[in-house]
Number of protein chains: 2
Amino acid sequence: MKNPRVVIVGAGFGGLQAAQSLANSKADVLLIDRNNYHTFVPLLYQIATGQLEPEHIAYPIRKILRRCSWKQSNQKPQLRFLMAEVERVDFSAQIVETDSCAIPYDFLVLATGSQTQFWGVPGAAEHAFAMKTLEEAVTLRNQIISCLEKAVQISDPLQRQQLLTFTVVGGGPTGIEMAGALVEMLRGKLRRDYPTLDLREVKLILVQSGDRLLTNLPKKLGIYTHKRLRQLGVQIYLQTKVSQVTPKSVHFPDQIIPSATVIWTAGLTANSPETSEDLSSAKKGKLIVQPTLQLLEQHNVYAIGDLAYVENNGKPLNGVAPEALQQGVAVASNIKQQLRGQAPQPFDYFNKGRLAIIGCYSGVGKIGVLAFTGFLAWLMWLGVHLVYLPGWRNRLLVLLTWLYTYLLGDRAVRLILPR
Amino acid sequence: MKNPRVVIVGAGFGGLQAAQSLANSKADVLLIDRNNYHTFVPLLYQIATGQLEPEHIAYPIRKILRRCSWKQSNQKPQLRFLMAEVERVDFSAQIVETDSCAIPYDFLVLATGSQTQFWGVPGAAEHAFAMKTLEEAVTLRNQIISCLEKAVQISDPLQRQQLLTFTVVGGGPTGIEMAGALVEMLRGKLRRDYPTLDLREVKLILVQSGDRLLTNLPKKLGIYTHKRLRQLGVQIYLQTKVSQVTPKSVHFPDQIIPSATVIWTAGLTANSPETSEDLSSAKKGKLIVQPTLQLLEQHNVYAIGDLAYVENNGKPLNGVAPEALQQGVAVASNIKQQLRGQAPQPFDYFNKGRLAIIGCYSGVGKIGVLAFTGFLAWLMWLGVHLVYLPGWRNRLLVLLTWLYTYLLGDRAVRLILPR
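Not measured: the values here are computed from a predicted model. (Residues numbered from 1 in each chain as written. Chains lettered and ligands numbered in written order. Predicted model: local features only at pLDDT ≥ 70, side-chain atom pairs only at ≥ 80, totals over all residues. Heavy atoms only, no water.)

### Topic: the relation of the copies chain B and chain A
Alright, step 1. In screw terms, the move from chain B to chain A is a rotation of 180° and a rise of 0.0 Å along the axis, fitting with an RMSD of 0.0 Å. Between the two chains, the operation in question is that of a two-fold axis.
Alright, step 2. Both copies present the same face, since 100% of the interface residues in chain B are matched by interface residues at the equivalent positions in chain A. (Least-squares fit on C-alpha atoms with pLDDT ≥ 70 in both. Contact = heavy atoms within 4.5 Å.)

### Some thoughts on unusual backbone geometry
Trans peptide bonds make up the majority, and among non-glycine residues the majority have a negative phi.
Alright, step 1. The residue Q94(A) is not glycine, and still its phi comes out positive at about 55°.
Alright, step 2. Relative to the helices and strands, Q94(A) resides in the loop between strand 6 (86-90) and strand 7 (95-98).
Alright, step 3. By relative accessible area, Q94(A) is classed as partly exposed at 25%.
Alright, step 4. Positive phi, close to 45°, is recorded for Q239(B), a residue that is not glycine.
Alright, step 5. Q239(B) sits in the exposed class, given a relative accessible area of 63%. (Helix = DSSP H or I, 4+ residues; strand = E, 2+ residues; numbered from the N terminus. Buried < 20%, exposed > 50% of the residue type's maximum accessible area, 1.4 Å probe, protein only.)

### As for the nonpolar core
Alright, step 1. By size, the foremost hydrophobic cluster in this structure holds 72 residues, and its most contacted members are I57(B), M178(B), L182(B), L186(B), L206(B) and L229(B).
Alright, step 2. Here the element with the most residues in this core is helix 6 (residues 134-153) of chain B; it accounts for nine residues.
Alright, step 3. Here this core gathers at least three residues from each of two domains, domain 1 (5-34 + 84-116 + 268-339) and domain 2 (124-266) of chain B.
Alright, step 4. Apart from the residues lying within four places of it in its own chain, the contact partners of L186(B) are L148(B), F166(B), L199(B), V202(B) and L204(B).
Alright, step 5. Core analysis: the next-biggest nonpolar cluster, separate from the first, contains 69 residues, L182(A), L199(A), L217(A) and L389(A) among them. (Core = buried A, V, L, I, M, F, W, Y, C linked by side-chain atoms within 4.5 Å. Domains from an automatic or database assignment.)

### Section: the sheet that holds strand 12 (residues 203-207) of chain A
Residues and elements named next belong to chain A.
Alright, step 1. Spatially, the four strands line up as an open sheet ordered 13-12-11-17, and their pairing is parallel. Only two strands of the sheet have a single partner each, and these edge strands are strand 13 (234-237) and strand 17 (261-264). This sheet shows a mean twist of 20° between the axes of neighbouring strands, independent of strand direction.
Alright, step 2. One ladder, built from four bridges, connects strand 11 (residues 165-169) with strand 17; its direction is parallel. (Pairing = 2+ DSSP bridges. Axes fitted to C-alpha atoms, helices over the stretch in contact; angles between N-to-C directions.)

### Some thoughts on the side chain of Q208(A)
Alright, step 1. Among the secondary structure elements, Q208(A) is positioned in the loop between strand 12 and helix 9 (219-231).
Alright, step 2. What makes Q208(A) buried here is its relative accessible area of 9%.

### Examining the pattern of salt bridges
Alright, step 1. Taken as a whole and judged by the stated rule, the model has 22 salt bridges over all chains.
Alright, step 2. The salt bridge involving D193(B) is made with R66(A); its shortest N-O contact spans 2.7 Å. Of the two residues, D193(B) is situated in the loop between helix 8 (173-187) and strand 13 (203-207) and R66(A) in helix 4 (residues 61-69); the pairing between them involves two chains. Across this residue pair, the class does not change: D193(B) and R66(A) are buried.
Alright, step 3. Residues E149(A) and R62(B) are paired through a salt bridge, measuring 2.7 Å at the closest nitrogen-oxygen approach. Placement of E149(A) in helix 6 (residues 134-152) and of R62(B) in helix 4 (residues 61-69) is noted, with the two residues assigned to different chains. R62(B) shares its class with E149(A); the two are buried.
Alright, step 4. Linked by salt bridges that have partners in common, R66(A), D193(B) and R414(B) make up one network. (Salt bridge = Lys/Arg side-chain N within 4 Å of Asp/Glu carboxyl O.)

### Considering helix 11 (residues 375-388) of chain B
Each turn of an α-helix holds 3.6 residues, which means side chains three or four residues apart point in the same direction.
Alright, step 1. The end-to-end C-alpha distance of helix 11 of chain B, which contains 14 residues, comes to 20 Å, matching closely the 20 Å that a straight helix rising 1.5 Å per residue would cover.
Alright, step 2. Taken as a whole, helix 11 of chain B has its buried residues at A377(B), W378(B), W381(B), L382(B), H385(B) and L386(B). (Expected span 1.5 Å × (residues − 1).)

### Some thoughts on the sheet that holds strand 7 of chain A
Residues and elements named next belong to chain A.
Alright, step 1. Spatial ordering of the open sheet is given by 6-7-8, a layout of three strands whose pairing is antiparallel. Edge strands, defined here as strands with exactly one partner in the open sheet, are strand 6 and strand 8 (102-104). Sheet twist, expressed as the mean angle between neighbouring strand axes with direction ignored, is 20°.
Alright, step 2. Sheet analysis places strand 6 next to strand 7, joined by four bridges and oriented antiparallel. Residue pairing across strands places D90 opposite I95, the latter belonging to strand 7.

This is the structure we're talking about:
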């Protein structure tokens, strides 16, 4: 009898975890991703600000899989990888169509994540810098350092101001960490690289549409973050919506700010694959799933991570990595249940807490009822992410780099790589 | 009185050394490069084969300069950097024209290096992969790993053969090290990443137009290298000229070899800037200089490194890094002589010896009259290059990576980075 075939689309936190958890099942598992590496998204902001090297947070998927793929038997790998772009899912034929071949499945896990949402703001998609992929993070690093190199050559103070103004749109965790990392980068030892440039001219701006920062965390933490970023010299605009982005400026309803670099962290939309039948979706294009994470319409198809709209205790989940990881485990367990002819179980999220890093030795966190701020939260954020980073080699390199950068206040990576 | 202005074009081995050696002079020194980093070219092949990360061998120029730029005074940096593309040199006006501004000079050092020479072979410039810049090395890494990813998906044995055949054109040190590194990469633990692929299907081909390898080194070393590479499974074609390159094959006069990856290391031509007056040039477009490294036509303009045709004891120099480094020192010293109103001195190259790495724990070398081969030469090659690599951080990271890869037989970096 042939083994049942499980196909997983997307090697983010959820998809990769699902594949690993299915390694010791009886199924033949195929993981598909458009890249040959898993991106550790929480550290992307450190790529963009020249602290870490791209290779440190991008881990070859085949290397992760080879650790578990041979466990069961020496005959045939049960866990395989395909680098391909998924173009369409045909539910009636049970086939995933990719740019290179069509793949039949018995069970399908959709874990295609999310992409940046520009809300139709004119110029945002063209001129703002997103930060969801490794490529985008490297492009942003090139941009930031290029602005400094250009500013050196320019004598017109207005033009220089434009090059030295960095605007972060979005007051969620990504916006906060990006603003803090820009402070660390541009107010640190880097100024010694530019003796002819007065880096006090650098302006850092954070724009948030809501009335406070970090709306998903307790109010107290948002207020602390606000105060800390202001101390660090970041100008914060609350209740402000960006109305336009150009290559040279960012427009608010009541003013125009000259700024060559606009970093967009203000929204995500689910990265839903094209399917043969329409699926029920919630806001941000997320697919509505049953409590078991199965699609409403297809009982052998699951959706997890940023792609799925999941409620826990009546409240929608936030789209953070631990949710996707736990859903990856749950989905694997549910597929195993179905393979044994048993009913899948509802997913229950165990919230270990939330942490957000500000930078410059401060962060905020909430574990259970305990909310805390400052150095401890900063250290915990780094520690937790070091533990979750895949691969011992990467962990060691990132630790060494952090020691180097935080002890010396320097940035290691500041290449403008031509593309 | 204003300080004399020295402009150096190109931050390769020669230009960077010249800038550093001029740091404690009375001149204002400006170093220009199109990139904001110095590329440690001898290790590019390790980037292309996924051993090192690009950031390990690319060092921010401003970081090198800031170490020496403040030595003399705290008032004003004497050593500055400009990231720009040089478009033309005007000798009569004593101006270097760049894409961003025009820069006047009193003394000029041209150190613009060389570029890949395809000798007009049809298709070579379009389809062969060069390996002179960091960008090219990363592109080649993407290509090699993409070929493996594609080969996994293909059932037609002929097409798979094409994807798994890697041809290196050129039997000089770069060709040799590239062929050896491909053996290390493709016959090493990487095969465990591709359980469904038989990596014994991989074909490695080395093509050399001359009648032996490493023509610039003693015959004995070329023969050893030939034997060693054959042992390692590399097919070597001597006295063979490539007549055409297509995206799928490489053509010799008497046969066509299906090969999706053709790596071109078979020639360099000087990267001469456009000038207001014609300059005397030797073969490969190199500028003819006086024994003092001054241009024949311009006594305040020097040319060094791969750009300059320099003879030593009646024989032309080879274009290796130590020559450029020593010329950088010499040119700085000669400019200081001229600033003091004294005559510049002829350049004398001190040959410390030559080393070439084959890979798989073997290399060849010649120091004085002593020629040696094998493990010792391999180890010396790595040791010497580790010492010359700029920056302690990079040295440590490269050492750790080498220990990792050579002890475990694994490759750390195998990302296909989208461009």
